[in-house]
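Notes for the structure review
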Amino acid sequence: MQDLILIIEDNKTIAMYEKNTLEEMGLDVLVAHNMDELQPLLDEYKSKITLAVVDINLPNCEDCVLDKLLKLNIPCIAMTGAFHTDLRNKVIDKKLIDYIVLEDDQNLDILKSTISRILNNKNTKILVVDDSISARFALKDVLLHQNYTVLEAHDALYALKLIKDNDIKMALVDYEMPNMNGAELTRTIRKSYSRNEMAILAISAYTNSVITIEFLKAGANDFVTKPFVKEEVVARIGVNIDMIDQHKMLKNEILIREDIEKDLINAKKEAEHLNMIKSNFLANMSHEIRTPLNAIVGFIDILYKDESSKDKKDKLEIIKNSSYSLLSIINDILDLSKVESGKLELEHIIFDTEYPFKHTTELFYAKAREKKIEIMFNIDPDLPDKAYGDPGRISQIYSNILSNAIKFSDTGSSIDININYSTNEKKLTCSVKDYGVGIDSSKIEKVFSAFEQEDNSTTRKFGGTGLGLSISKSLIDLMHGDLSVDSILGEGSTFYFELSLFEDIENQIDSEIRQENEPIYTEDLLSGKVLLVEDNKPTQMLMSIFLNDYGLDVDIANDGLEAVEMCRNEHDYKLILMDENMPNMNGIEATRIIKELEQKRGVITPIIAVTANALLSDRERFLNAGMDDYMSKPVDSKILENILRKYIQS
């Protein structure tokens, strides 16, 4: 049943305001402005009224309304517009629950909190433990007027039984009792309930501080002496119950937070599981696409070198460029996956500062000429000669930005490129300005989001995956740099990035000089036998051609099992080129077994991973498995030659 609140207030505006406030709390409200209006409400609702809020200064009434309601045992709160000295005494004499001074509208918050407290009190059980009937009656009378639910016990043993059977929030315990005194009872209660779970208010006629100390050491929350002041007891009870309620609320919040944390942990595990599934899918996709692409790119290179017809060479050039465009898209997707999984790692080497910019710009001159775009390239003469960082990733960032500048520029326009050096901050800054389509100001941030471009028509008109700038932003963040853009729709865009590449550069150069003892390899033909472990027939044919061109004999194993058996019988392989993803036995397992066989014989054959897997630090995975080096597919003939000369000539 919903709580029913009765308001008696002669000022109709205030009464309406109070009614609306309490109804917002979800309470049912009755209103009377005088005694004449009150009587019919009492006749109909007397037994249903939970609480009455009464103006203490009703005209032509004085205390008539209060006296009438109290005779009917209806709990009352007194309301007054101004505090006067006899108000407190009147509240005490008439045993009202409380009083509120309504000096302004803000005090309705006090009304709300007071009513909430009184209504909640009926759900609060308080135990009175005293062998004196009159003492129990006096305390019970005080508590009932505060709307508490009261239980009584005449001794400690019965008190313990009531505590066991009821959810008691507070106990008022007398000291002097038969069988077990109040301090002993308090000590027993504290074995099962902490101060934050059940409050104990010690009550004693003794004013000796020894009794107070004994009670408090036993675990009492507070202490009052007889004869007690009603308001003091009510205040101390309220303070301790508020403390217990706050502790319970805090405990519930902690439980809720723990549940939320568990949900977050489970969600994180699920996300990691889904990310692993995605990564595995991308790795498999990479392998499946790179393997045939390896043969396509490789055979195009062979045909291109052998072809004398310019027309056919031009067509082969188109096929080759298209293949590398496809490979670039695959690399973008894999780079994005590495960024998302936190596995993308940067190289840190000394390099010629201008090289990534000059070399990359040269690669785009032909594309710019097709659109009759003039590239204005300027390098700050104060730019240091050497830098320390990842030149490959810097080229990738710059390439993405320059490629977009050409893509989105109008035919016959120009692109301004400036590579500058900030002497004070010792930072490299690069700006690429085009005079093309530009970007709507409301969509600028979107260009750095994965798989997104300014709008869907951009992809249809200009092409691209929408990954380049997202990956560039992630790379710049990994380098602790900054990437930004200024753009005006229809007038063009300027992309800027800033990097710290010159910190401690002298020490880095000195360190690199100390390591300049690399062996020099000749360009003569190689000799010896190489084992190629590869299940893909086109790749077998392509790699065999490459290896034969370098003067090497080739044995082919179609999977890891064949490779192991061939290594059991053949002991003079100069090198083993090992694929990873094969039927029957994969490359890592085959490598492990071959290494064990060679250890027994005292033989060491370099094993090079040649795989289409290019995700999640595959290089480290293969090296940790015992392989000596790593090449990704499609195989770059120059990288292959360097690997062969490094391991076979050594």
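Model, not experiment: these values are computed from the prediction.

1. Section: the overall build of the protein chain
Counting its secondary structure elements, the protein chain contains 21 helices and 22 strands. Within the span of the protein chain, comprising 650 residues, buried residues form 44% of the whole. For the protein chain, contacts bridging at least 24 residues in sequence account for 67% of all contacts bridging at least 6. Carbon together with sulfur atoms contributes 50% to the accessible area of the protein chain, which is approximately 34,200 Å² in total.

2. Some points on the state of the cysteines
Counted by the stated rule, this structure contains one disulfide. The side chain of C61 participates in a disulfide bridge whose partner is C64; the two sulfur atoms lie 1.7 Å from each other. Judged by the sign of its S-S torsion, about -115°, the cystine formed by C61 and C64 is left-handed. With relative accessibility at 15%, the residue C61 sits in the buried group. The class of C64 is partly exposed, set by a relative accessible area of 28%.

3. Let's talk about the sheet that holds strand 2 (residues 28-32)
In sheet architecture, strand pairing relies on hydrogen bonds along the backbone and comes in two forms, parallel and antiparallel. Read across the open sheet, the five strands follow the order 2-1-3-4-5; overall the sheet is parallel. Each end of this open sheet is capped by a strand with a single partner; those strands are strand 2 and strand 5 (98-101). In this sheet, neighbouring strand axes are inclined to one another by 20° on average, regardless of whether the strands run parallel or antiparallel. Here five bridges tie strand 1 (residues 4-8) to strand 2, and the two strands are oriented parallel to one another. Looking at the pairing, I5 lines up with V29 of strand 2.

4. Observations concerning the pairing of strand 8 (residues 168-174)
The buried fraction of strand 8 amounts to seven of the seven residues, a majority that puts the element mostly inside the structure. Note that strand 6 (residues 125-129) and strand 8 share five bridges and pair parallel. Among the inter-strand pairings, V129 is bridged to a residue of strand 8, identified as V173. For strand 8 and strand 9 (residues 199-204), the ladder comprises five bridges, and the chain directions are parallel. Bridge pairing in strand 9 links M170 to A199. For the handedness criterion, the β-α-β arrangement of strand 8, helix 8 (residues 182-190) and strand 9 is classed as right-handed.

5. Here we look at the sheet that holds strand 7 (residues 149-153)
The strand order across the open sheet built from five strands is 7-6-8-9-10, with neighbouring strands paired in parallel fashion. Both outer strands of the open sheet, strand 7 and strand 10 (222-225), are each paired with one neighbouring strand and no more. When strand polarity is set aside, the average angle formed by the axes of neighbouring strands in this sheet is 20°. The pairing of strand 9 with strand 10 spans four bridges and is classified as parallel. Counted as the bridge partner of A202 is F223 from strand 10. Against the sheet, helix 6 (residues 133-145) engages strand 6, strand 7, strand 8 and strand 9, with an angle of about 170° to strand 7.

6. Focus on a negative patch on the surface
Taken together, the side chains of E258, D259, E261 and D263 make up a negatively charged region of the molecular surface. Here D263 is to be found in helix 10 (residues 230-306).

7. Description of helix 7 (residues 156-165)
Every buried residue belonging to helix 7 is among A156, A159, L162 and I163, and all of these are buried. The buried residues of helix 7 all sit within an arc of 115° when viewed along its axis, so they share a single face. In helix 7, the exposed positions angled more than 90 degrees off the buried face are occupied by L157 and K164. If you follow the buried residues of helix 7, they end up packed against strand 6, strand 7, strand 8 and helix 8. Between a side-chain oxygen at the N-terminus of helix 7 and the backbone nitrogen of L157 the separation is 3.4 Å; the capping residue is D155.

8. Observations concerning the packing of aromatic side chains
Following the criterion strictly, the structure yields seven aromatic pairs and no others. Pairing F357 with Y398 gives two aromatic rings, centres 5.2 Å apart and planes at 70°, and the pair type is edge-to-face. Of this pair, F357 sits in helix 12 (residues 355-370) while Y398 sits in helix 13 (residues 391-407), and the two are 41 residues apart along the sequence. Residue F357 is classed as buried on the basis of its relative accessible area of 1%. Pairing F357 with F497 gives two aromatic rings, centres 6.4 Å apart and planes at 20°, and the pair type is stacked. Of the two residues, F357 sits in helix 12 while F497 sits in strand 17 (residues 492-499), which places them 140 residues apart along the sequence. Among the aromatic residues, ring-to-ring pairing joins Y175, Y206, F215 and F223 into one connected group. Sitting over the face of the ring of F622, R621 holds its NZ or CZ atom 4.7 Å from the ring centroid.

9. Looking at unusual backbone geometry
The peptide bond linking K226 to P227 adopts the cis configuration, its omega dihedral lying at -5°. Secondary-structure assignment places P227 in the loop between strand 10 and helix 10. For H480, which is not glycine, the phi torsion reads 60° and is therefore positive. With respect to the secondary-structure elements, H480 resides in the loop between helix 15 (468-478) and strand 16 (482-488).

10. What to know about the environment of C64
Within the secondary structure, C64 sits in helix 3 (residues 64-71). For C64 and M35, which are 29 residues apart along the polypeptide, the C-alpha to C-alpha distance reads 8.3 Å.

11. Re the environment of I648
Here I648 shows up in helix 21 (residues 637-649). Between the C-alpha atom of I648 and that of L526, which follows or precedes it by 122 residues, the distance is 7.6 Å.

12. Looking at the nonpolar core
Ranked by internal contacts, the top residues of the largest apolar core, which has 39 residues, are L428, V432 and F497. Mapped by element, the contributors of at least two residues to this core are helix 12, helix 13, strand 14 (414-422), strand 15 (427-434), helix 15, strand 16 and strand 17. Sort the elements by how many residues they give to this core and helix 13 lands first, with seven residues. Sequence-distant contacts of V432, defined by excluding residues within four places in its chain, comprise Y398, I401, L402, A405, I415, D416, I417, S493, T494 and F495. Grouped together as the second largest cluster of nonpolar side chains are 25 residues, V129, L151, A202 and I211 included.

Parameters at a glance
Residues numbered from 1 in each chain as written. Predicted model: local features only at pLDDT ≥ 70, side-chain atom pairs only at ≥ 80, totals over all residues. Heavy atoms only, no water. Helix = DSSP H or I, 4+ residues; strand = E, 2+ residues; numbered from the N terminus. Buried < 20%, exposed > 50% of the residue type's maximum accessible area, 1.4 Å probe, protein only. Contact = heavy atoms within 4.5 Å. Areas by Shrake-Rupley, 256 points an atom, 1.4 Å probe, with all protein chains shown as cover. Disulfide = S-S within 2.5 Å. Pairing = 2+ DSSP bridges. Axes fitted to C-alpha atoms, helices over the stretch in contact; angles between N-to-C directions. Right-handed = clockwise from strand over helix to strand, strands pointing away. Patch = residues over 30% accessible without salt bridge, like charges linked within 9 Å, V, L, I, M, F, W, Y side chains within 5 Å. Salt bridge = Lys/Arg side-chain N within 4 Å of Asp/Glu carboxyl O. Lys, Arg positive; Asp, Glu negative; His and termini not counted. Charge placed at Lys NZ, Arg CZ, Asp CG, Glu CD. Arc of directions from axis to C-beta. Polar contact = N/O pair within 3.5 Å; in protein donor to acceptor, adjacent residues only side chain to side chain. Phe/Tyr/Trp six-rings, centres within 6.5 Å; stacked < 30°, edge-to-face > 60°. Lys NZ or Arg CZ within 6 Å of the ring centre and 35° of its normal. Core = buried A, V, L, I, M, F, W, Y, C linked by side-chain atoms within 4.5 Å.

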